[in-house]
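Report on the structure
Listed below are the residues making up each chain.
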Protein chains: 2
Amino acid sequence: MSKQSPSQQPGLVLWFTGLSGAGKTTIAHAVHERLRRDEISSAILDGDTFRQGVARDLGFSDADRSENNRRAGEVARLFSQSGMIVLAAFVSPFRADRARVREIIGAANFVEIFVDCPLEECERRDPKKLYVRARRGEVAQFTGLTSSYEAPLSPEIHLRTDRLTVDQAVDRVLSSLFSVADFRKL
Amino acid sequence: MSKQSPSQQPGLVLWFTGLSGAGKTTIAHAVHERLRRDEISSAILDGDTFRQGVARDLGFSDADRSENNRRAGEVARLFSQSGMIVLAAFVSPFRADRARVREIIGAANFVEIFVDCPLEECERRDPKKLYVRARRGEVAQFTGLTSSYEAPLSPEIHLRTDRLTVDQAVDRVLSSLFSVADFRKL
């Protein structure tokens with residue numbers, strides 16, 4: 001159980017979007033760890049976990065992906081309303097869905113982070129062996145191959161994870177985060 | 001944004017169940033306020049808010065109520081996994097659904113609180129004027145009138161809110177909560 005300052009400020013949602021294998025979850029966990037060292041609480045919302053729980057009833061059609069994103073946005077909002085920093089790692093391939101999440105959260109508390117890595121590199125990494133399975137035709141509507149990914153046009157943070165180490169990516173995220181936090185006089 | 005102890009223990013879910021007007025939300029907010037005074041963070045998950053967000057696509061059929069409860073349980077689990085004390089106020093009329101929530105959260109972290117008030121008293125209070133509307137036939141499948149409420153058989157805490165003040169109810173909840181917290185050496 002956690003202690004916190006009694007003045008409950010609205011939190012922040014850091015929304016990591018990008019292809020499978022781009023590094024969303026890895027960076028989210030690394031940010032979480034760094035924040036924890038500074039005794040700042042944050043919560044990770046991970047797309048895979050989310051699909052096993054809140055969105056268990058949904059598949060991967062465009063409509064279901066949209067609904068998955070909507071629910072994720074709503075849950076992120078609940079967390080941020082409790083004063084948490086939310087690290088949300090979702091492929092969230094469609095611009096309109098991310099725009100809706102921004103609306104649900106409120107633009108002032110929403111930071112879109114484009115975890116950008118070329119498809120070839122994601123496929124080379126293939127940490128969950130999903131690309132291999134998708135190429136074999138075992139995974140339908142796989143983002144980047146058989147379903148489109150609409151890259152953010154003006155994300156708050158743009159990370160080229162084929163060129164940055166995880167630590168460098170985390171530094172970028174935190175410097176941006178603390179400039180917001182500073183502004184709020186935390 | 002909040003600071004907390006870096007050791008993230010699994011939180012607790014206090015699940016308030018009972019008829020509309022029994023006092024679930026009132027007591028949840030009062031517990032939240034008392035915890036805040038002790039600098040203990042907690043988060044409120046309120047059934048009404050939840051239905052406007054995560055469960056916006058659901059109605060009030062038995063199947064939709066079950067799905068609403070399932071999602072609420074999953075979201076409460078996400079919160080508790082972040083080390084939060086979750087104050088969840090949901091009518092949650094069906095025993096099987098509450099049993100499922102207990103399973104989702106894990107029995108060790110789940111506290112079922114029966115906010116028990118006779119229907120007549122709830123109807124007399126009618127804070128949201130829902131009973132009036134339900135009697136007029138304007139609200140379909142209204143728990144207590146046209147849809148059943150299955151009272152808990154062995155809740156961890158049983159509050160007779162027609163006989164207790166809000167403060168007395170909060171005392172009962174907190175003494176039970178702190179005995180758990182003490183046990184965990186918080």
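A few points on the structure. (Residues numbered from 1 in each chain as written. Chains lettered and ligands numbered in written order. Predicted model: local features only at pLDDT ≥ 70, side-chain atom pairs only at ≥ 80, totals over all residues. Heavy atoms only, no water.)

**Looking at the overall build of chain A**
Formally: Secondary structure elements follow DSSP: runs of H or I no shorter than four residues count as helices, runs of E no shorter than two count as strands, and numbering proceeds from the N terminus. The buried label applies to any residue whose accessible area, calculated with a 1.4 Å probe on protein chains only, is under 20% of its type's maximum; exposed applies above 50%, and partly exposed to all values in between. Working rule for contacts: check all heavy atoms of both residues, and any pair within 4.5 Å makes them a contact. Note on areas: Shrake-Rupley, 1.4 Å probe, and residue coverage restricted to the protein chains presented here.
Secondary structure assignment for chain A yields seven helices and five strands. In sequence order, chain A lays out its α and β elements as β-α-β-α-α-β-α-β-α-α-β-α. Taken along its principal axes, the extent of the C-alpha atoms in chain A is 55 × 35 × 35 Å. Expressed as a percentage of its 186 residues, the buried residues of chain A come to 54%. Sequence separation of at least 24 residues holds for 77% of the intrachain contacts in chain A that already meet a minimum separation of 6. Accessible area for chain A stands at about 8200 Å²; split by element, carbon and sulfur atoms hold 51% of it.

**Side note on helix α3 (residues 62-81) of chain B**
Worth spelling out the cut-off: Helix span, expected: 1.5 Å multiplied by one less than the number of residues in the helix.
Counted at 1.5 Å a residue, the expected span for α3(B) with its 20 residues is 28 Å, and the 28 Å between its end C-alpha atoms agrees. Counting buried residues in α3(B) gives 16 out of 20 residues, a clear majority hidden from the surface.

**A word on the packing of α3(B) against helix α4 (residues 95-105) of chain B**
Helix-helix packing is characterised by the crossing angle of the two axes and by the distance between the axes. Residues and elements named next belong to chain B. What counts, and what does not: Between N-to-C directions, angles span 0 to 180 degrees; the directions come from axes that are lines fitted to C-alpha atoms, helices contributing only their stretch in contact. With respect to orientation, any angle under 35 degrees is reported as roughly parallel, any angle over 145 as roughly antiparallel, any angle of 65 to 115 as roughly perpendicular, and every other angle as oblique. The hand of a helix crossing depends on one turn: near helix anticlockwise from the far one by less than a right angle means left-handed, and clockwise means right-handed. In this count, Pro and Cys sit with the nonpolar residues alongside Ala, Val, Leu, Ile, Met, Phe, Trp and Tyr, while Asp, Glu, Lys and Arg are called charged and the others, Gly among them, polar.
Contact geometry of α3 with α4 gives a least axis separation of 9 Å together with a crossing angle of 20°. Between α3 and α4, the angle falls in the class roughly parallel. Between α3 and α4 lies a crossing whose hand is right-handed. Residues Arg-65, Ser-66, Asn-69, Arg-70, Gly-73, Glu-74, Ala-76 and Arg-77 of α3 touch α4, and the partners they reach there are Asp-97, Arg-100, Val-101, Ile-104 and Ile-105. Of the residues contributing to the contact of α3 with α4, the split by class is four nonpolar, three polar and six charged.

**As for the sheet that holds strand β2 (residues 42-46) of chain B**
All names here are of chain B. The cut-off we apply is this: By this definition, two strands are paired if DSSP reports at least two bridges between them.
Here five strands make up an open sheet; going across it, the order is β2-β3-β1-β4-β5 and the pairing parallel. Looking at which strands have only one partner, the edges of the open sheet turn out to be β2 and β5 (157-160). Strand-to-strand twist across the sheet, computed as the mean angle between neighbouring axes with direction ignored, equals 20°. Bridge count between strand β4 (residues 110-116) and β5: four bridges; the pairing is parallel. Across the sheet, residue Ile-113 finds its bridge partner in β5, namely Ile-157. Lying on the sheet, helix α1 (residues 24-37) is in contact with β1 (12-17), β2, β3 (85-89), β4 and β5; it crosses β2 at an angle near 170°.

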